[in-house]
Amino acid sequence: MTPSKYFLGASIAIAMLVPVFLPAQTKSWTQPKTPWGDPDIQGVWPGTAMVGTPLERDKSLGTRAFLTEDEFAKRAERAKTQAAIDNEETVSDLTRCDPGRGGLGNTPTTCKNGISIGPPLYWDDRGKPSKQASLVMDPPDGRIPPLTPEAQKMAAERIAARRARPCAATAGGCHDTWEDESLWDRCITRGTVGSIVPNTYNQGNQILQTPGYVVLRNEMIHESRIIPVAAPNNAGRPHVPPAIRTWLGDSRGHWEGNTLVVETTNFLDKTVIGQTPASEDLKLVEKFARVSADTMNYSVTIEDPKTWTKPWTISFPLKSEPDYVLYEYACHEGNYYMYNALSGARAEEKKAARNGR
Amino acid sequence: MRTKILIGVAFASLFGAAVPVWAHHSFAAEFDINKPVKLEGTVTSMEWINPHSWIHLDVKGPDGKTANWMVEGGSPNILLRRGFTKKSLEPGTVIVVDGFQAKNGEYRANGSNITFPDGKRLFLGGSNPNELPQATK
Amino acid sequence: MICQRGFAALGLFWALTAAGQTPAPKAPRTPNLNGIWEALGTANWDLQDHAAQAGPFWQTGAIGAEPAGLGVVVGGEIPYLPAAAAKKKENFANRAKNDPEAKCYLPGIPRATYLPYPFQIVQSPKDILMVYEFASANRLINMGKPIEAGADSWMGTSNGHWEGNTLVVDVTGLNGLSWFDRAGDFASDSLHVVERFTRVDADHITYEATIEDPKTFSKPWKISLPLYKRVEKNAQLLEFKCVPFSEELLYGQFKKQ
């Protein structure tokens, strides 16, 4: 029928005009629904495909969000080389420490004589190369906006306070108490954003639904974020009162068409995004939009007017991997690091005292 | 030297960082870069725990005495997804470890390279080079 | 036309089950365990009958003392083997330092069920997820073809199926490091637990667990207790990430003095 031909032509033309950040919905696929009529976004959606994509875009790319074929080919070649190195049966000298080939880099504290100070380097999820130039997609230059003057001042004060401590000058840094360790090393949490943004390993994400709720499970660190979802044309339940503050915040969801929109507030004032501490005014708005059987577009807009001068957005596609199993990540229970780091620092202090320093 | 590292970082940021965005924890806090070790010993057990697995092995020293070492591996979740299980490293297996000893002086080390005596890596099975690299749609 | 009615009926079924009512079945009916649940009583202090007594920390006065409680063990006593009975006594004597709950370790099964914190059952069309407020513990109950644990874990590997109105969960792959209660009751990594969740009315689930471990007990034994629905409007799990509360206990001796 002629009308549909025009429609097809028109939709292709429109698709080519609109700058597409994320994969567009394929024509032949229809969004399935759960038995109670909500869009069905259930499944296992690990972030494996995006491992290796940097958080911020290289400045040389400017507002170009995707790599050219040549640039992508280089990235792909690098991944192929890395995979080959990972699969080497015996260890070649070239693989040790060389940052260009997966090593931690030959710095005085991480590598000596070709041996690195971490675990075996192939014990990682390398992911697959993607054409996306960065995980940050807004601002258009793919770089995190500047800190507010207030946040800059606090950062400077933190650095100064750290430098004032004698332990800061030692090779290992300060390990006086567990509070000198990151939230990650303390096995508290990777944070709401950190739990889903791809990292070196265990990128498992799983979504389950039941009437009134969507639950997002993250493998790291065994999080299960229960998101109450408002019924259609309903305001949904309010956030918890301001006195209740948590590490992962308080999430509330609603559907906009087939997209799940989740607003999260009520954070403690101790959360960290990337390397930057956020304030308790932090607000996240996430969108989960399934565009095909095996692709879900994910984005999170990070808004904290006390910390960043404007909101910024991370977005990337998640790919379904039904055979990916999320295993338990009991971090705190196996945290030998804490014991090793603290007792190691105490041993070094004793040694320094013996040597009369 | 510094320039080299900067170039390496720039390269990494454009084409994809091999080192993660939010870093591994600081192994340099646990282990001493000035105390390299090379251990050859018999596996007694393996702790399949996170954030890092630990392989326990008996190592006979030059003095003939046996020391019980523990060596840090990576997250077991990765091994499980590759098809290795808790049965995959039998007690009694001989392994060779290159790493650095713990700062606290105990018989602990990281396992930068963990191999069998013939040099073959333990728990091989990284990403399949033949599965790469298609553009993600 | 028939198709549309069928979908409408299915939609109605889910809408009604969401409200907690029992619909007239038009399709094979799966019981609905969705909701926020919590155990009352003192099973987490001690699974067996216990009198009121001082707790491990006199500094907290009556707040930290142990209330009396009727045991939840069917038949009264846990049938320890002699060596295990001695180990239990040792656990009890050292409970202030060694209770994994104090360390904010994942509680394992069955203890996660009767901790004094709520948990939410999320029953999706395929698998069932249980999310516990304590330490952000959670476990997925696989309702498909049973899977085997590749390695032991704190919360074990759970395979479930329906027997009439009862959810039966078979738990293996537990690592033997968690306790059953604050009294030091424990098992080895050969522990095998079979749980039964039966929703007996809108606000109650009867929870039973059969415990089997030939390395620790002379025979299998069973616990039984009710679970109560958290019926407050807008009831929700809050967060109890207790790692920061346990650091002094775990690492205090290693901090700089």
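Residues numbered from 1 in each chain as written. Chains lettered and ligands numbered in written order. Predicted model: local features only at pLDDT ≥ 70, side-chain atom pairs only at ≥ 80, totals over all residues.

## Considerations on the overall build of chain B
Logical step 1: Secondary structure assignment for chain B yields three helices and six strands.
Logical step 2: Long-range contacts, defined as pairs at least 24 residues apart, comprise 49% of the intrachain contacts of chain B with a sequence gap of at least 6. (Helix = DSSP H or I, 4+ residues; strand = E, 2+ residues; numbered from the N terminus. Contact = placed C-beta atoms within 7 Å.)

## Side note on the nonpolar core
Logical step 1: Core analysis: the largest hydrophobic core is formed by 130 residues, its most contacted members being A:Val214, A:Val215, A:Ile227, B:Ala109, C:Leu129 and C:Met130.
Logical step 2: Excluding its chain neighbours within four sequence positions, the residues that come into contact with A:Val214 are A:Ile207, A:Gln209, A:Ile227, A:Val229, A:Gly253 and A:Leu260. (Core = buried A, V, L, I, M, F, W, Y, C linked by C-beta atoms within 7 Å. Buried ≥ 20, exposed ≤ 12 C-beta atoms within 10 Å, placed from the backbone.)

## Side note on the sheet that holds strand E8 (residues 204-212) of chain C
Residues and elements named next belong to chain C.
Logical step 1: In space, the nine strands of this closed barrel follow the order E1-E2-E3-E4-E5-E6-E7-E8-E9, with mixed pairing throughout. Mean inter-strand twist for the sheet, computed between neighbouring axes without regard to direction, equals 30°.
Logical step 2: Summarising the sheet, E8 and strand E9 (residues 221-229) pair through eight bridges and their orientation is antiparallel. When the sheet's bridge partners are listed, Thr210 is paired in E9 with Lys222. (Pairing = 2+ DSSP bridges. Axes fitted to C-alpha atoms, helices over the stretch in contact; angles between N-to-C directions.)

## Concerning helix H3 (residues 149-163) of chain A
Logical step 1: Look at H3(A): 21 Å from first C-alpha to last across 15 residues, which is about the 21 Å you get at 1.5 Å a residue.
Logical step 2: Counted residue by residue, H3(A) has one buried out of 15 residues, so it is predominantly exposed. (Expected span 1.5 Å × (residues − 1).)

## Let's talk about unusual backbone geometry
Logical step 1: Note the cis peptide between A:Asp138 and A:Pro139, where omega equals 10°.
Logical step 2: Following the sequence through the fold, A:Pro139 ends up in the loop between strand E4 (136-138) and H3.
Logical step 3: Of note, the bond from A:Met220 into A:Ile221 is cis; its omega dihedral lies within 30 degrees of zero at 0°.
Logical step 4: In this structure, A:Cys187 takes a positive phi of about 60° despite not being glycine.
Logical step 5: Inspection of the secondary structure assignment puts A:Cys187 in the loop between H3 and helix H4 (191-194).
Logical step 6: For A:Cys187, a count of 24 C-beta atoms within 10 Å corresponds to the buried category.
Logical step 7: Backbone geometry places C:Ser136, a non-glycine residue, at a positive phi of 55°.
Logical step 8: Checked against the element boundaries, C:Ser136 lands in the loop between strand E3 (128-132) and strand E4 (138-142).

## Points about the environment of C:Lys255
Logical step 1: On the secondary structure map, C:Lys255 appears in the segment after helix H5 (243-251).
Logical step 2: On the neighbour-count criterion, C:Lys255 (17 C-beta atoms within 10 Å) is partly exposed.
Logical step 3: Apart from the residues within four sequence positions on either side, C:Lys255 is in contact with A:Asp176, A:Thr177 and A:Leu342.

## Examining the pairing of E4(C)
Residue and element names in this part refer to chain C.
Logical step 1: Among the five residues in E4, four count as buried, and that is most of the element.
Logical step 2: Note that E3 and E4 share four bridges and pair antiparallel. Paired with Met130 across the two strands is Arg139, which belongs to E4.
Logical step 3: Taking the residues that link successive antiparallel strands as the turn, the E3-E4 hairpin has five residues, and the phi of Ala135 there is positive, at about 60°.

## Describing the environment of A:Asn335
Logical step 1: Note that A:Asn335 resides in the loop between strand E14 (312-319) and helix H5 (336-354).
Logical step 2: Residue classification places A:Asn335 among the buried positions, given that 24 C-beta atoms sit within 10 Å.
Logical step 3: Between the alpha carbons of A:Asn335 and A:Asp185 there is a distance of 8.1 Å; along the sequence they are 150 residues apart.
Logical step 4: Non-local contacts of A:Asn335, meaning those with residues more than four positions away in its chain, are made with A:Cys187 and B:Pro51.

## Topic: the sheet that holds strand E12 (residues 283-292) of chain A
Residue and element names in this part refer to chain A.
Logical step 1: Ordered by their spatial adjacency, six strands build an open sheet running E4-E14-E13-E12-E9-E8, and the pairing between neighbours is antiparallel. Looking at the sheet topology across the chains shown, the edges are occupied by E4 and strand E8 (250-256). Going from strand to strand, the sheet's axes swing by 25° on average, the running direction of each strand aside.
Logical step 2: Sheet topology places E4 next to E14; two bridges connect them, and they run antiparallel.

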